[in-house]
Structure formats: structure tokens, C-alpha cells
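Fold and geometry: a report
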Amino acid sequence: MTQFVLAGVLGLLFALGTFLVLRRDIVRVVWGVTIISQSANVYLVTMGGLSGGVPILSHGGHGGGHAVTDPLVQALVLTAIVIGFGTTAFALVLTYRVYEEHGTIDLLELGEKA
Amino acid sequence: MSQQFVVAPLLVALVTAIATLLTRRFGRVQVILSLLGGFGYLGAVAWLVSKVDPLGASNIFSYQLANWQAPFGITIVADSLSAFMLAFSAVIAFAALVFSASYVDSFGQQVSYHPLFHFMMVGVTGSFLTGDIFNLFVWFEVMLMSSYVLVVFYSGKEHTRAALQYVVLNLVGSAVMLLAIGGLYSTTGTLNMADLARRVANPAAYGDFAIAPVLGLSALLFAVFALKAGLAPFQFWVPSAYRAAPAPVSAMLAGVVKKVGIYAIIRVYFTVFGAAAISGLSLPGMSVPDGGSALLAFYGPILFVMASASIIVGGLGAVARDDIDGLLAYSSIGQVGFIVLPLAIAATAPTEEIRVLGVAAGLVYALNHGFAKGLLFLASGAVYDAVGSEEFPDLGGLTESAPWLSGGFFVGALALIGIPPLSGFFGKMLVFDAAGRASAAGIDGSNAALGVALVGAILTIAYFSRAWNRGFWGEPPLLVRNADAKFSLVAVVVALALAIALLGVGFDVVMQAANAGAEAALDRQGYIDAVLGAGESSGGGHA
């Protein structure tokens, strides 16, 4: 059950992110990119399998004998999240700078001035 | 543990980046440290190349970080392919660094230029050396993060707009790359490239996973690499970003950063996924053989279409441009097409011989494009520095006021056109040779490849003669007559021009190195043995 809910949520998140990336407002575009990369992170977590035991608590026989969830993907996601923080911060600063330079954050106006 | 030289270039670049960050209040010291670091990087790369020895033994070295063994830990691998890419990148980077020491204004240098430049080199080096596909993502991010800031360096109107496009596109690309990597991990159960190559070649022995999803996920990954390499249809960020960045940074973006995308395509598709056998695959208008290198054969036509489109789009775009930087940026799209075209032939080739020749042709062309385009962007920067404009209507007659600079530009242009004594001639000749041999072997589409290469070559001649006529010949306008080209900038341009001539004269060595690189790219078993160890040995790295 969890899998289906998660798959649905992931699909919705990607759809929302794509919708926002296609907006005219730069801030929304940045939001969209952030949401897409966050949903990529959530997707990455699901790749380790959801139904396993807890890796640390089950260490030493407490797991009841069944397989543990893969902890590696969580390490990967941590790395990806940190990178995501950095790039989002940069994108927001860049948005502000674009506003300072052009006096607008409307992509259509920005394109017309070119 | 005698394999520290594998990480030496990485460490040198990282230490230099941090050192220049710490000394930014002391302008002079910072620049000297930065140049020393660039020189040290050159030395570290030379050390690595001498150990790998692409002209002789062609060793493969792997370094297991913190001694965590290969499929689980992070591996750094140096083979002839990485050595080849690193060697020419280091030379171009050093030239660009020397150039920027007198080109970028002192305030800009103090603020952030040098640390960013070296962090970009850290990312580039890491991408060339990593043996782990998730780490490839991380190094890409390190490289891109610095290049974002370098593109927006002047932060004027044009620059912010170009950077916005570049950043958003690459962020979406990064998310897609993450998806592909996650999927590959979940399908194959590994992230280590050597382990991946082993498993993909023989899925039955490793949990019998489905091989078909690997094809789709590798296609997602391919889109990201093509974006980094600026291949059509992912080329649209190239012109504005290259024009916005300071000249030495454009030289780096076109000469080195783009080649990281090319390297990733060669490494991941020829070394890692090359052995995947996919059966029962059919797409409209495309037949893919079963077995052996079916996955590569699938990418062959795709590479061919993208390379041809790049050559045509880049060539036509360059002919239509009215400023040097724009022309060079479009030309760089076309030239990447020339690098990928022989790779497409190599992917579909039936024999090992043509395959090696194709990859080697791509490598030689990458080296030639790196040097020549680096030189041309630096020359364009020197022209801008001297005249204050790089629009063709404002230029003309530079041969009179700046003969050495014009000579440098001329050599670069000739190298890209492919005139005999220069390295570009051999690059083009190898592309035609690979296409011709494929045609003789009866591969579909190789005649079309010959045709596209010919059209591309003619377009190259067209736009460079146009640039030469309008920018350098004729009666100089007042602006140009008063131009005074800075000696240090011109010296770098002339030095690179000499290097191009030297590479052409001593081409035997380049060809041997490129051949070794191509063989390393195709030597899957050697790569796997070097990273994972032929047996279950423990301890440090393996030779």
C-alpha cells in the first residue's frame, strides 16, 4: 500500500515541479526546480526498498531475521540534499540579481528585452 | 600504498582553491599562489601520466579511498583514457589561468575568481578520475557550481540572463541524473562503474536482474551528458553562456568542461554499458542486433543524429553571427559534433579495429578542439581587451595593429579547419578515416556520416574565413588603429599557437596516447580487474 501512495505522491510532485518550471515568474521557476530535485531525492530513498527492517536497531539479531532496508541510498540522499541546498540558495540569489539588473522577474519581459 | 599519485591532481587543485580563498585580502600573494597551484597541478598530472604511461605499459591504477574495498567504497581510477583527458585539460587550464592573471581586473580576481577557477578544476579532475557513478554526479555538481558563478561573473544584464538559463537547465539536468542513478542502483544493485560493467554484462550471475530498464535509465543519463557536452538538441544554453563568461572562462568551458561530458559518454557507454546484451529490442526505423554490444548499437544511430544536428546547427549559427564570441560559441557546438561523429561510428562498428579508431579519432578531435577553441577564446578576449569591442562591424585590420595576436587567431582557425601541419588536420583526417573504413565495412549510414563531415568542414572554412576577412583584414577603423594589445595576453595566445603546431608536428605521440586511451576505454575486463582486483585480494590499491 505504502508503495502505491508514495508512487502517486512522487508523480504529483514531479507534475507540480514541471508545472512551476514552465511558469513565467522566475521565483516560481526556482521553486519548480527545487521541487523536482526534492522529488528526485524522495524517489532515491524509495530505491532502497521500503519494507525491510531498520538497519541499526536490527543489527545483532533484533531485526527478527528479515532483510534490512538499504542504508546506502539514504547516504546518497544526504549528499544530494546538501548539494540541493547550495544550488537553491544560489538560484535565489541569482533571481534577486536578475531583478536588480532588469527590474523584472517576468521571463517573457526578460526575453523581449533581449 | 604507493598510489597516492592518483589523487595528487585532485589534492593540488583543492589545496590551491582553499589557499587562494584564504589569501584573498593579499591580491599579489593570491595571484602568485594561484599560478603556482596551476603549475603544481600541471606537475601532478604529469606525474600521474608518467605512472599510467599511455605510450608504453598503459597501466590502470585504482585508489580506494580510506581503504574501503571497491564495490562498497569510493574508487578513484586512472587509466590511459583519464590520463589523456587530464593531460590536455591541465595544459589548457594553465594557459587560461596565466591569461586571466592579467585579463580579469584586480577587484574581480580578489573577490572570487581564483578559488572558483580551482574549484572548477577540482570538479573536472574528479569527473575524469572517479570510478563511481554517484560520485560522477557529485563531481559534476562541484564543477557546475563554480561554473555558474563564473558565467555570471560580470553580473550585468546579459550575464544574469545567460546564467539564469544555464543554472535552471543544469539543475533540471542534475535532478534527471539523480533519477537515472537511483534507478540504476535499484536495478543492478551497485554504483561502482567496474562492478556495474561486470553485472550488466552478465545479469544472470548477479541476481538475474532485468536488463531492459538499464537501457532506459542509461538513456536518461545520456541526455544529461549530452546537455553537459552541448550536443544538439541540448545546445541552446551554449551561445549565451559562453558570451557572458569572461574570456578565459569561456576558453575553459569550451576547451575543458565540455570535454567532461564527452569523457562521461565514452566512459559510461563504451566501458560500462558496452557489454550489455539486450534482446528483442526494436524501435521504429531502427534495428538493434541481439547480443554482444546491443546497447552500444542502440546508441550508435542516436549519437549519429545528434552529432550531425550539432554540426549543421553549429556551423549555420556560426556563419550568421556578427561577433567573435558568438561565432566561437556556435562553432563549438559544431565541433562537438565532430568529436561525437566518430564515436557514433565506433558504437556501431562490427570490428574492434574500427571501434578503437573511432574512439581514438574522437579523443584526438577533443584534444584539438580543446587547444584550438581555448586559443581562439583567449584571442577574442585579448582583442576585446585591446579594442574594447568584439563585434565585427567595429573591427577590421587587426593584422596591422596586432600582428602577433592576429597570427595566433589565424593558427587557431586553421587548426579547426584542419590544415596539414597542425593538430586539427589529423583530427579531421581520422574522422574521415573512421567513416571511410566503416563505409568500406558496409555499415549503414557511414556514407551519410562522410557527407555530414564534409558539409561541416566546408561550414568551418566559411565562418572562419568570414571572421578573418571582417575582423582582421582590411582598413583598420580608428578604434583598432589605437589598439594596444597587452603583451602578457598575446604571449599566452602565441604560446598556445606554438603548442598546436608542435602537437601537429609530433603527432605520433598524440596518436599513440589517443590509441592507448581508446583501448583503455574498450578494455572492459582490464578496467574491472584493476578496480575490483583479479582475485579477492585485500590491502591498498591494485596495479
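See above for the structure.
Listed as interface residues are 31 residues of chain A and, on the opposing side, 27 residues of chain B. Taken together, chain A and chain B are joined by zero salt bridges. Those elements that place two or more of their residues in the side of chain A that touches chain B are α2 (26–46), α3 (72–102) and α4 (107–112) of chain A. Per-element tally for the side of chain A that touches chain B: the top contributor is α3 of chain A, with 15 residues. Split by residue class, the side of chain A that touches chain B holds 21 nonpolar, six polar and four charged.

So, on to helix α1 (residues 2–21) of chain A. Residues and elements named next belong to chain A. For α1, built from 20 residues, the straight-helix expectation of 28 Å at 1.5 Å per residue is met to within 8% by its first-to-last C-alpha distance of 28 Å. The complete set of buried residues in α1 reads Leu10, Gly17 and Leu20. Take α1 and look down its axis: the buried residues cluster within an arc of 95°, on one side only. Seen from the buried face of α1, the exposed residues on the opposite side, beyond 90 degrees, are Phe4 and Leu12. Contacts made by the buried residues of α1 are with α2.

Here we take up a negative patch on the surface. A cluster of acidic residues, Glu352, Glu519, Asp523 and Asp529 of chain B, forms a negative patch on the protein surface. With respect to the helices and strands, the residue Glu519 of chain B is situated in helix α20 (residues 507–522).

This paragraph deals with a nonpolar patch on the surface. On the surface, Leu11, Leu14, Ile18 and Leu22 of chain B cluster together into a nonpolar patch covering about 380 Å² of accessible area. Tracing the backbone through its elements, the reader meets Leu22 of chain B in helix α1 (residues 8–22).

Criteria and thresholds
Residues numbered from 1 in each chain as written. Chains lettered and ligands numbered in written order. Predicted model: local features only at pLDDT ≥ 70, side-chain atom pairs only at ≥ 80, totals over all residues. Heavy atoms only, no water. Contact = heavy atoms within 4.5 Å. Salt bridge = Lys/Arg side-chain N within 4 Å of Asp/Glu carboxyl O. Helix = DSSP H or I, 4+ residues; strand = E, 2+ residues; numbered from the N terminus. Nonpolar A, V, L, I, M, F, W, Y, C, P; charged D, E, K, R; others polar. Expected span 1.5 Å × (residues − 1). Buried < 20%, exposed > 50% of the residue type's maximum accessible area, 1.4 Å probe, protein only. Arc of directions from axis to C-beta. Patch = residues over 30% accessible without salt bridge, like charges linked within 9 Å, V, L, I, M, F, W, Y side chains within 5 Å. Areas by Shrake-Rupley, 256 points an atom, 1.4 Å probe, with all protein chains shown as cover. Lys, Arg positive; Asp, Glu negative; His and termini not counted. Charge placed at Lys NZ, Arg CZ, Asp CG, Glu CD.

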